[in-house]
Structure formats: C-alpha cells, structure tokens
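As a plain string of letters, each chain reads:
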Amino acid sequence: MTEQTTGDLLRMTDAGRVHHAGTPTEVHALRSFSLAVAPGELVAVMGPSGSGKSTVLHLAGGLDVPTSGEVVLDGVSLGGLSVRKRAALRRRAVGYVFQDLNLVPALTAVENVMLPRELDGVPTAAARAEALAALAEVDVADLGDRFPEELSGGQQQRVAIARALVGPRRLVLADEPTGALDSLAGEAVMKVLRARVDAGAAGLLVTHDAQHAAWADRVVRLRDGFVVGTTGEVVHGVGEAPAGVVGGVAGGYR
Amino acid sequence: MSIRHSLLSLLAEGDRHGYQLRQEFEARTGGTWPVNIGQVYTTLGRLCRDGLAEEVGKQDDGSVTYRITPAGKAEVDTWWAGPVARTAPDRDETSIKVALAVSSPGVDVLDVLEAEREETLRALQAYTRAKTRIPDHPTGGELARLLVLDQQIFTAEAQARWLDHCEQRLAATTQGSAR
C-alpha cells in the first residue's frame, strides 16, 4: 500500500450498486456514479429517501462494494481487497459521523477520540496527546473528561468530528450529522466541519437538508440512483469559493 | 413594509440629516438593502407632508435637519408594537413559472423545478459563505447582517423544500395515488 499525500482522498468512478441482480426484485440503488473529493473540499450529496445517497456513503467508506465501477480510497482501489484489508484501510483512512449514537457511552470524550488511534497501535500517551489536539481543533478542548451523557448534542457531534479526523485520518464521511440538533447547534457543527475541511481534510456529507448542504463546495443531487444535478465549482485545494453577491440578491426598495 | 417606518424609527432616536439617515439605515440593516439618497429625500418629503416629521433648520451647505413630530412618534410606537402584515406577497416569478409549466405544452415541469433548485442552492451557498466571514460573536452592524443573512438562508431553504415537495406531489399525481 503506498502512502498518497496529494490528490483525491476519495475517487468513485462509474460506481453502481445493484441489489438482487437478475431477480424480479432487482433494484438499482446507484447508477454510474462518479465523484472525486480532494483535501480542502466538502461535498454534499442530497436527495430524497431511496435516491441512493446512503449507498454513496456506504460505498465511499468501504462498508459496501459496488457491483460495477471503482472506488479508490486514499489511492487504494477497494475492489481487489480482501474483507480484512478493506477493514484495515477503512480504519486508517476514513472517519464517520452519524446522526446519533456516535460515541461510546462508557468512555469520556477524550477516550472516545483516542479509541481509533489505540486500535491503530499507537501507545496510550501519544494517542491521548493526539486526541486532545483533535478536541482543541473542534473547540471542545475543555470537555475531554466528560462522558457523552454530560455533553450537549452539538458537543457530542463535535467530539465525533474530532474522532473522525484524529491522527492521520483526512476523510470524514458524515450522515445527517446535524439531524437531531436545533438550528444554532447544527450550525456550530457545520462550522466545525467546514473549518476542519478548510484546514486540509476532505469531507463527504449526506443530508436532505439544503441549509446544511449549502456549507459544501459542491452539492450533488440524486434521484432514483441518478445524479440529476451538481451545484458549485470543483475547488482545487483550499481556497475561496466563487464570490456570491449577497446584497445584490435582495435588490433595493421599490 | 416600507422604508418610511425604518427612517421614522431612526428619527425617533434624534434629529438627522438625510445623508445620515441613509448611512445609518444601511449600517444597521447589515448593508443588505442599499437605498439611494433620492429615495431618502422622497420619503422625508412625504413624512413632512403627513405631519410625522418636520424640517428644523438648514445648514450652510444646504443640508436640512429633520425632526420627528409627536404624531410620528406615535406612528413608530405602533410599528414596533404590531406585526408586519403578511398580506399577499409580491408576485413570485418562480411560483408563476412552475404553475404555468404544468400546463404548457413542450415544457417539462421537472426540468423547470431542477433549474430552480439549482439556483436556490447556489444562492444558499453564497449566503452561507457570506456568513462564514462574520466573526463568532458579532455586534452592531455585523450582528444585524448575520440576522438578515439567516433570514435569507431560511427563506431559500423553504424554497428548496417547496421545490422538492412540488416534485413529490407531481409524482404522486402522475401515479394516480397519494403517498
């Protein structure tokens, strides 16, 4: 496995997923889907339930394999890997943030963030230092000793983002990360995700919420397994997205 | 809603020149709605005509100072105390377009919806980007701007949801059964 420091952290090429192929119940969950996500990019996938957006996330994270096309994670094609190697790559390259049930209830925030690094074989002291740094990057450095039940929903999601990107991990896959939060807490979570991506991570966000998708550089819209549109520019590296004139949208008084 | 009450509310805080009113209005509403000086003077003229404000002096450079009258103060109090009437909104071009698309030969309403959705998302992205440039604990004009941006974001989000809803309703209607 070669270490790849530049280029796309995730590349999906003509990826398709068919369930029950060749039977009367055949379902095309996703058809010929292509997407690349580079460091510094946040991409949102939107669509109604059943549109294939969860399938995108499962394929991107190596939780499922495409029945056609290719998924390349951190420079490694998932297609040829054994289940065990796929799991190892997944653990090394990808972090997840789900709508809820992200954290282990019996562990403190810092222990939750340390967990993936300890599984990587990093010694406890080093893992703890990395975890504290990751918590500081999502503005909850002072909450490390709290248990999940002692944290607000928004704080829990920020800890989950810290865990997803602890150590060398640079790709975060987020599935409705703001789902159960009020609008301000949801905004705070999106701000943190955006900031981590601007600092060099790559993010793939699945949501049905246009307001949260708007934090992304690109918004891909799916329907019935097809891409029906993409909004936004492909951003190369970290940079200012195309200018949007806000004052001009509202117009003047009449 | 008119600029009339906004300017009157500023006059209630103290005497102002026309250009001061313009500057203050723009600063305190986040600079979102530019107003030209002609509109300001037209409005001040009407406020004076209606007895809600009066001219109280002219400086050497010809600029006039305006002052609110007791009737004007009462008008401002009424404005703050009551809601802005949710009367019939201005004709909304997107809803007119979608409504016509349903019955226009040779027009695919789904394509129309998709084009509108793309534009709505583009606007949402622009508003969100503008929001990221405001500091975490804004005050004054920046706080005003943030609140106005939030309003634009929620309005655009509602539009996006409505467009999704249109599509689902059309699908349900075509299938001949409600979901």
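Conventions adopted
- Residues numbered from 1 in each chain as written.
- Chains lettered and ligands numbered in written order.
- Predicted model: local features only at pLDDT ≥ 70, side-chain atom pairs only at ≥ 80, totals over all residues.
- Heavy atoms only, no water.
- Helix = DSSP H or I, 4+ residues; strand = E, 2+ residues; numbered from the N terminus.
- Buried < 20%, exposed > 50% of the residue type's maximum accessible area, 1.4 Å probe, protein only.
- Polar contact = N/O pair within 3.5 Å; in protein donor to acceptor, adjacent residues only side chain to side chain.
- Expected span 1.5 Å × (residues − 1).
- Core = buried A, V, L, I, M, F, W, Y, C linked by side-chain atoms within 4.5 Å.
- Contact = heavy atoms within 4.5 Å.
- Patch = residues over 30% accessible without salt bridge, like charges linked within 9 Å, V, L, I, M, F, W, Y side chains within 5 Å.
- Areas by Shrake-Rupley, 256 points an atom, 1.4 Å probe, with all protein chains shown as cover.
- Salt bridge = Lys/Arg side-chain N within 4 Å of Asp/Glu carboxyl O.
- Domains from an automatic or database assignment.
- Buried area = accessible area lost by both parts, 1.4 Å probe.
- Pairing = 2+ DSSP bridges.
- Axes fitted to C-alpha atoms, helices over the stretch in contact; angles between N-to-C directions.
- Parallel < 35°, antiparallel > 145°, perpendicular 65-115°, else oblique.
- Left-handed = near helix turned anticlockwise from the far one by under 90°.
- Nonpolar A, V, L, I, M, F, W, Y, C, P; charged D, E, K, R; others polar.
- Right-handed = clockwise from strand over helix to strand, strands pointing away.

Things to note about the side chain of A:Asp217
Residues and elements named next belong to chain A.
1) Next: Residue position: aspartate 217 is located in the loop between α7 (210-213) and β9 (218-223).
2) Next: A residue is classified by how much of its surface remains accessible, and aspartate 217, at 7% relative accessible area, is buried.
3) Next: A polar contact of 3.2 Å, which involves the side chain of aspartate 217, links it to the side chain of arginine 194.

Some words on helix α6 (residues 183-198) of chain A
What sets the pattern is the α-helix's 3.6 residues per turn: residues three or four places apart point alike.
Residue and element names in this part refer to chain A.
1) Next: For α6, built from 16 residues, the straight-helix expectation of 22 Å at 1.5 Å per residue is met to within 8% by its first-to-last C-alpha distance of 22 Å.
2) Next: Backbone nitrogen of leucine 184 and a side-chain oxygen of the N-cap are separated by 3.1 Å at the start of α6; the cap is aspartate 182.
3) Next: Positive phi shows up at glycine 200, right after α6, with a value of about 125°.

Some remarks on the nonpolar core
1) Next: Formed by 51 residues in total, the largest nonpolar core has its most connected members in A:Leu42, A:Val97, A:Val113, A:Leu135, A:Val159, A:Ile161 and B:Leu124.
2) Next: Leave out the neighbours within four places in its chain, and A:Leu135 touches A:Ala109, A:Val110, A:Val113, A:Val140, A:Ala141, A:Gly144, A:Val159 and A:Ala162.
3) Next: If you look at the next biggest cluster of nonpolar residues, it comprises 29 residues, including A:Val71, A:Ala93, A:Val94 and A:Val220.

Section: a nonpolar patch on the surface
1) Next: A contiguous nonpolar surface patch, about 250 Å² in accessible area, is contributed by B:Tyr19, B:Ile37 and B:Tyr41.
2) Next: The residue B:Ile37 is located in helix α3 (residues 37-49) in this model.

Looking at the domain arrangement of chain B
All names here are of chain B.
1) Next: Per the domain assignment, the segments of chain B are domain 1 (3-81) and domain 2 (93-175).
2) Next: Between the C-alpha centres of domain 1 and domain 2 the distance comes to 34 Å.
3) Next: Domain 1 puts six residues into the contact, and the matching count from domain 2 is five residues.
4) Next: Between domain 1 and domain 2, roughly 380 Å² of surface is buried when both sides are summed, and carbon and sulfur atoms account for 60% of that area.

Some thoughts on the sheet that holds strand β2 (residues 27-37) of chain A
All names here are of chain A.
1) Next: Strand order in the open sheet made by the four strands is β2-β1-β4-β5, with antiparallel pairing throughout. Edge positions in the sheet fall to β2 and β5 (76-77), since each has one partner strand and no second.
2) Next: When strand β1 (residues 10-19) meets strand β4 (residues 68-73), the two strands line up antiparallel, connected through five bridges. Looking at the pairing, glycine 16 lines up with serine 68 of β4.
3) Next: Sheet contacts for helix α1 (residues 53-60): β1, β2 and β4; angle to β1, the most-contacted strand, approximately 120°.

Digging into the packing of helix α5 (residues 153-164) of chain A against α6(A)
The relative placement of two packed helices is expressed as an angle between their axes plus a distance between the axes.
All names here are of chain A.
1) Next: Running from amino to carboxyl end, α5 crosses α6 at an angle of 15°, the nearest separation of the two axes being 9 Å. The orientation of α5 with respect to α6, classified from their angle, is roughly parallel. Here the hand of the crossing between α5 and α6 comes out right-handed. Two secondary-structure elements touch here, α5 through Gly154, Gln157, Arg158 and Ile161 and α6 through Ala185, Val189, Val192, Leu193 and Arg196.
2) Next: For the contact of α5 with α6, the residue count by class is five nonpolar, two polar and two charged.

Comments concerning the pairing of strand β8 (residues 202-207) of chain A
All names here are of chain A.
1) Next: Counting buried residues in β8 gives six out of six residues, a clear majority hidden from the surface.
2) Next: Burial along β8 is two-sided: Ala202, Leu204 and Val206 facing one way and Gly203, Leu205 and Thr207 facing the other are all buried.
3) Next: Pairing analysis gives five bridges linking strand β7 (residues 171-175) to β8, with the strands arranged parallel. Note that in β8 the partner of leucine 173 across the bridge is leucine 204.
4) Next: Each parallel crossover has a hand, and the one from β7 via α6 to β8 is right-handed.

Topic: the pattern of salt bridges
1) Next: Throughout the structure, instances matching the rule amount to 33 salt bridges over all chains.
2) Next: The salt bridge involving A:Arg128 is made with A:Asp145; its shortest N-O contact spans 3.9 Å. Here A:Asp145 lies in the loop between α4 (124-137) and α5 and A:Arg128 lies in helix α4, a separation of 17 residues in the sequence.
3) Next: For B:Asp50, the salt bridge is made with B:Arg4, and the minimal N-O distance between the two is 3.1 Å.

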